[in-house]
Amino acid sequence: MISILRGIVASVGLDHIDVVVGGIGFRVHVTPAFAQGTARDEEITVYTSMIVREDSMTLYGFESCDERDVFTTLMSVSGIGPKIALAALAVLRPDDLRRAVRDQDLATLQRIPGVGKKSAQRMALEIGDKLGTPAALPGAEATPAPAPSEDAVASEVSVALVGLGWSESQAAKAIEKLAGSGLGASDMLRAALVSLGGGRG
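This is a predicted model, so every value here is computed, not measured. (Residues numbered from 1 in each chain as written. Predicted model: local features only at pLDDT ≥ 70, side-chain atom pairs only at ≥ 80, totals over all residues. Heavy atoms only, no water.)

Chemist: Before we move on, could you go through the overall build of the protein chain and cite the residues and values that matter?
Modeler: Counting its regular elements, the protein chain contains nine helices and five strands. Secondary structure elements in the protein chain, listed N-terminal to C-terminal, are β-β-β-α-β-β-α-α-α-α-α-α-α-α. Within the span of the protein chain, comprising 201 residues, buried residues form 38% of the whole. The contacts of the protein chain with a sequence gap of at least 6 include a subset with a gap of at least 24, amounting to 54%. On the protein chain, roughly 11,100 Å² of surface is accessible, and the fraction owed to carbon and sulfur atoms is 53%. (Helix = DSSP H or I, 4+ residues; strand = E, 2+ residues; numbered from the N terminus. Buried < 20%, exposed > 50% of the residue type's maximum accessible area, 1.4 Å probe, protein only. Contact = heavy atoms within 4.5 Å. Areas by Shrake-Rupley, 256 points an atom, 1.4 Å probe, with all protein chains shown as cover.)

Written as structure tokens, this is what we have:
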């Protein structure tokens, strides 16, 4: 697995750069902003993720380990492949993504090319806290708000399940199985989806 390249930039495209390392050229797919900020003949260090398919081996490159880790986490979401994951980093910084996921900000997530409402819901659900906490989070030291009641949690989960394509009766049955579990909305939603066999759409 190729995780870091350090070499000389041989050419720059709209969405890729060619990096020569030890006499071997590697084509690395990057965001347009990364490509535009790179110049031919400069020495560069690129953090990479290598995606191996049956008919291809493709390198995706990033300016930091953090971006690469976010890219990898995004691809853990069903329906999100490397192109959409890279597009996410083209329009949102890692901390912007963290805040959007934390706040269930579907409008921000839908700014990513190829991501519609249901894909955004899956991202917010399946990523959970895998991306970590945004840096310099306003109010991070504030007293935590009281936990919502079990009925409020159940209602929130029901709305989310219906939004993901399940019927109200299916949602109600899945939530009923989790009654008294003490789970928060995010964890209960995950558990309900497991019970139902996964999200739809």
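Once the structure has been displayed, the description carries forward.
Chemist: Describe the pairing of strand β3 (residues 24-29), listing the residues and the values that go with them.
Modeler: Across six bridges, the pairing between strand β2 (residues 16-21) and β3 is antiparallel. Looking at the pairing, H16 lines up with H29 of β3. Turn length for the β2-β3 hairpin, with the two strands adjacent in sequence and antiparallel, is two residues, and the turn residue G22 shows positive phi of about 60°. (Pairing = 2+ DSSP bridges.)

Chemist: How would you explain the packing of helix α2 (residues 65-74) against helix α4 (residues 94-102) if you had to name every residue and give the values?
Modeler: Interaxial distance between α2 and α4 falls to 10 Å at its minimum, and their mutual angle equals 40°. Here α4 runs oblique to α2, going by the angle between their axes. Counted together, D66, E67, V70 and L74 of α2 and P94, L97 and R98 of α4 form the full contact between these two elements. Of the residues in the contact of α2 with α4, the class split is four nonpolar, no polar and three charged. (Axes fitted to C-alpha atoms, helices over the stretch in contact; angles between N-to-C directions. Parallel < 35°, antiparallel > 145°, perpendicular 65-115°, else oblique. Nonpolar A, V, L, I, M, F, W, Y, C, P; charged D, E, K, R; others polar.)

Chemist: Can you break down the pairing of β2 residue by residue, with the values?
Modeler: The side chains of a regular strand alternate, first on one face of the sheet and then on the other. Bridge count between strand β1 (residues 4-12) and β2: four bridges; the pairing is antiparallel. Considered in β2, the bridge of S11 is made with D18. Hairpin connection, β1 to β2: the antiparallel pair is bridged by three residues.

Chemist: Got a sec to walk through the sheet that holds β3? Specific residues and values, please.
Modeler: One closed barrel accounts for five strands, arranged β1-β2-β3-β5-β4; its pairing is mixed. Across the sheet, the mean angle from the axis of one strand to that of its neighbour is 55°, orientation sign disregarded. Relative to strand β5 (residues 56-62), strand β4 (residues 43-53) is paired through seven bridges, and the arrangement is antiparallel. Residue pairing in the sheet places R53 in a bridge with S56 of β5. Here α2 sits on the sheet in contact with β1, β4 and β5, set at roughly 15° to β4. Lying on the sheet, helix α3 (residues 82-91) is in contact with β3, β4 and β5; it crosses β5 at an angle near 10°.

Chemist: Describe the packing of α2 against α3, with residues and values.
Modeler: Look at α2 against α3: their axes get within 9 Å of each other, and the N-to-C directions meet at 135°. The angle between the axes of α2 and α3 places the two elements in the oblique class. Where α2 crosses over α3, the handedness of that crossing is right-handed. Residues E67, V70, F71 and L74 of α2 lie in contact with α3, whose contacting residues are P82, A85, L86, A88 and L89. Looking at the contact of α2 with α3 residue by residue, the class counts come to eight nonpolar, no polar and one charged. (Left-handed = near helix turned anticlockwise from the far one by under 90°.)

Chemist: Explain the packing of aromatic side chains residue by residue, including any values.
Modeler: As enumerated under the stated definition, the model contains two aromatic pairs in all. Residues Y60 and F71 carry aromatic rings whose centres are separated by 5.4 Å and whose planes lie at 35° to one another, so their mutual orientation is tilted. On the criterion of sequence distance, the pair formed by Y60 in strand β5 and F71 in helix α2 is long-range, its members being 11 residues apart. Residue Y60 is classed as buried on the basis of its relative accessible area of 8%. Ring centres of F62 and F71 lie 4.8 Å apart, and the angle between their planes is 45°; this geometry places the pair in the tilted category. (Phe/Tyr/Trp six-rings, centres within 6.5 Å; stacked < 30°, edge-to-face > 60°.)

Chemist: Outline unusual backbone geometry, supporting the account with residue identities and numerical values.
Modeler: For D41, which is not glycine, the phi dihedral falls at a positive 75°. Note that D41 resides in the loop between α1 (32-36) and β4. For D41, a relative accessible area of 59% translates into the label exposed. Positive phi, normally seen in glycine, also occurs at Q104, with a value near 55°. Among the structural elements, Q104 can be located in the loop between α4 and α5 (106-109).

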